[in-house]
Amino acid sequence: MTVRTRYAPSPTGDPHLGNIRTALFDWLLARRFGGRFILRIEDTDQARYAEGGVENLMAALRWLGLDWDEGPDIGGPFGPYVQSQRLEIYREHADILLAGDHAYECYCSPDRLDEVRKAQQARKEPPRYDNHCRDLTPERRAEAEASGVTPVVRFKTPLEGETRTADALRGEVVFQNATLDDFVILKSDGYPTYHLAAMVDDHLMKITHVLRDESWLPSAPKHFLIYQAFGWEPPVFAHVSRVLGSDKAKLSKRHGAHSVLEYREQGYLADALVNFLALLGWSLDDKTDIMSRQTLLENFSVERLIPNPAVFNAEKLLWLNGTYIRDLPDEDLADAVLPFLERHLG
Ligand code: GLU
Ligand code: ZN
């Protein structure tokens, strides 16, 4: 089996540290096992699209030396690698789910969904779709179709039973189906949601290991249900720990965390940042801090990812960077310093 991993960013702004750390882990896993690292752009949320987002992502990956084997700029056997260029593929797959009674069309207006949500709030219930369109009679469905409303497609979540998900770090996590709602897989504008698009692409692109942010863990049962409905074997999932600031709050600029390219501007070396990022949620042996890229490549493994939140420590990064700068051979140091001098001298 060839290991195939992917970094699947949404180009919604400059790549931040937590984000690029996932790319590093995916890259290390692929490179360690002689596999392939794929770059896929998940741009299905058109409202959140940021101008220049894809260019910045690629620039950040290149600066850090995280090269990809298949991607939007170089193509590959499973392209296109930009989700907005794959809409027909998602439509076809939504149709397969519709035909297999794993999905249905929902005609509910935003106003109706709003009312449902408010009523649930008033009753202190968690917000969820009320399955209004799940079992429409043929007459009601014909009426809805005739009304000219473009429906969304919802996944038909089993009403009972449980869904077992597997996470390489946490083992089996079981979810009660009754707590999941009938989530949207295809929007009325023809764009898929993450749930459909990422699962279809991971399958078609033969991804073997999905290393992704822990924030996706609650959605994992939806993803396993989608795999089941298609009759596909899911890849190995590993949900990488969150990165928190030193005060244990969500990481932000306040903690000294900036976008990846800002670190380059500030004089951080790519190798120092790679070393630092590798320690956010992974460890070699619980004590080694300084690790060359080679050491990382020879030792990285999913088994040593740490499920607990990682804490961002700006001083440690500064210290690591100093260590790397002092270790640079004179010639490399001169090369590294030159752009800063040139800028300074105007
Ligand atoms: N586009 C998703 C994100 O940026 C990708 C998550 C994943 O790796 O599956 O959050
Ligand atoms: Zn509906």
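Provided above is the structure to which this section pertains.
These figures come from a predicted structure and were not determined experimentally.

Definitions and limits used
Residues numbered from 1 in each chain as written. Chains lettered and ligands numbered in written order. Predicted model: local features only at pLDDT ≥ 70, side-chain atom pairs only at ≥ 80, totals over all residues. Heavy atoms only, no water. Donors = N, O, S within 2.8 Å, 3.2 Å for Na, K, Ca; no water. Tetrahedral: all angles 85-135°; square planar, octahedral: opposite > 155°, others 65-115°. Buried < 20%, exposed > 50% of the residue type's maximum accessible area, 1.4 Å probe, protein only. 1 Å grid on protein atoms, 1.4 Å probe; cavity = no way out; pocket = protein on both sides within 12 Å on 5 of 7 lines; lining within 4 Å. Points joined across faces, edges and corners; volume = space filled by probe spheres on them. Helix = DSSP H or I, 4+ residues; strand = E, 2+ residues; numbered from the N terminus. Nonpolar A, V, L, I, M, F, W, Y, C, P; charged D, E, K, R; others polar. Pairing = 2+ DSSP bridges. Axes fitted to C-alpha atoms, helices over the stretch in contact; angles between N-to-C directions. Core = buried A, V, L, I, M, F, W, Y, C linked by side-chain atoms within 4.5 Å. Contact = heavy atoms within 4.5 Å.

Which parts of the structure should I look at to understand the coordination of the zinc ion (ligand 2)?
Each angle at a metal carrying four tetrahedral donors should ideally be 109.5 degrees, and each at a metal carrying six octahedral donors should ideally be 90 or 180 degrees. Around the zinc ion (ligand 2), the donor atoms from the protein are Cys106 (SG), Cys108 (SG), Tyr129 (OH) and Cys133 (SG), and they sit 2.1 to 2.3 Å away. Because the angles between the four donor atoms bound to the zinc ion (ligand 2) fall within 101 to 125°, the donor set is best described as tetrahedral. Here the donor residues of the zinc ion (ligand 2) share one chain and are spaced in sequence as C-x1-C-x20-Y-x3-C. Using a relative accessible area of 6% as the deciding quantity, one classes Tyr129 as buried. Owing to a relative accessible area of 2%, Cys133 belongs among the buried residues under this scheme.

For this particular structure, what's the right way to read the layout of surface pockets?
Picture a little ball the size of a water molecule; that probe, rolled over the atoms, points out where space is still empty. Reported here for the largest pocket is a volume of approximately 1,200 Å³. Looking at the largest pocket, it is lined by 44 residues, and the ones nearest its centre are His16, Asn19, Asp213, Ser215 and Trp216. Listing elements by their share of the lining of the largest pocket, those giving two or more residues are β1 (4-7), α1 (17-32), β8 (209-213) and β10 (243-244). In terms of residues, the lining of the largest pocket owes the most to one element, α1, which gives six residues. Class assignment of the residues belonging to the lining of the largest pocket gives a composition of 16 nonpolar, 14 polar and 14 charged. As a volume, the second largest pocket reaches approximately 350 Å³. In terms of lining, the second largest pocket is formed by 17 residues, of which the most central are Gly267, Tyr268, Leu269, Ala270 and Ala336. Elements supplying a minimum of two residues to the lining of the second largest pocket: α8 (260-265), α9 (270-278), α11 (314-327) and α12 (330-345).

Got a minute to help me understand the sheet that holds strand β3 (residues 103-106) in this structure?
Strand pairing in a sheet relies on backbone hydrogen bonds, with the paired strands running either antiparallel or parallel. Taken in spatial order, the three strands line up as β3-β4-β7 in an open sheet, and their pairing is antiparallel. The open sheet has two free edges, formed respectively by β3 and β7 (184-186), since each of these has just one partner strand. Each strand axis lies, on average, 45° off the axis of its neighbour in the sheet, ignoring direction. Across two bridges, strand β4 (residues 152-155) lies against β7 in antiparallel orientation. By the bridge assignment, Val153 is partnered in β7 with Leu186.

What exactly am I supposed to notice about the nonpolar core here?
Side chains of a nonpolar character, in soluble globular proteins, are inclined to be buried together. Leu64, Leu211, Tyr263, Leu273, Leu277 and Leu305 are the most contacted members of the largest nonpolar core, which totals 57 residues. The greatest single-element share of this core, amounting to nine residues, is contributed by α1. Look past the residues within four positions of Tyr263 in its chain and what remains in contact with it is Leu17, Trp63, Gly256, Ala257, His258, Tyr268, Leu273, Phe312 and Leu317. Residues Tyr81, Phe183, Leu196 and Ala197 belong to the second largest nonpolar core, which totals 29 residues.

In short, shape yes, function no, at least from these values alone.
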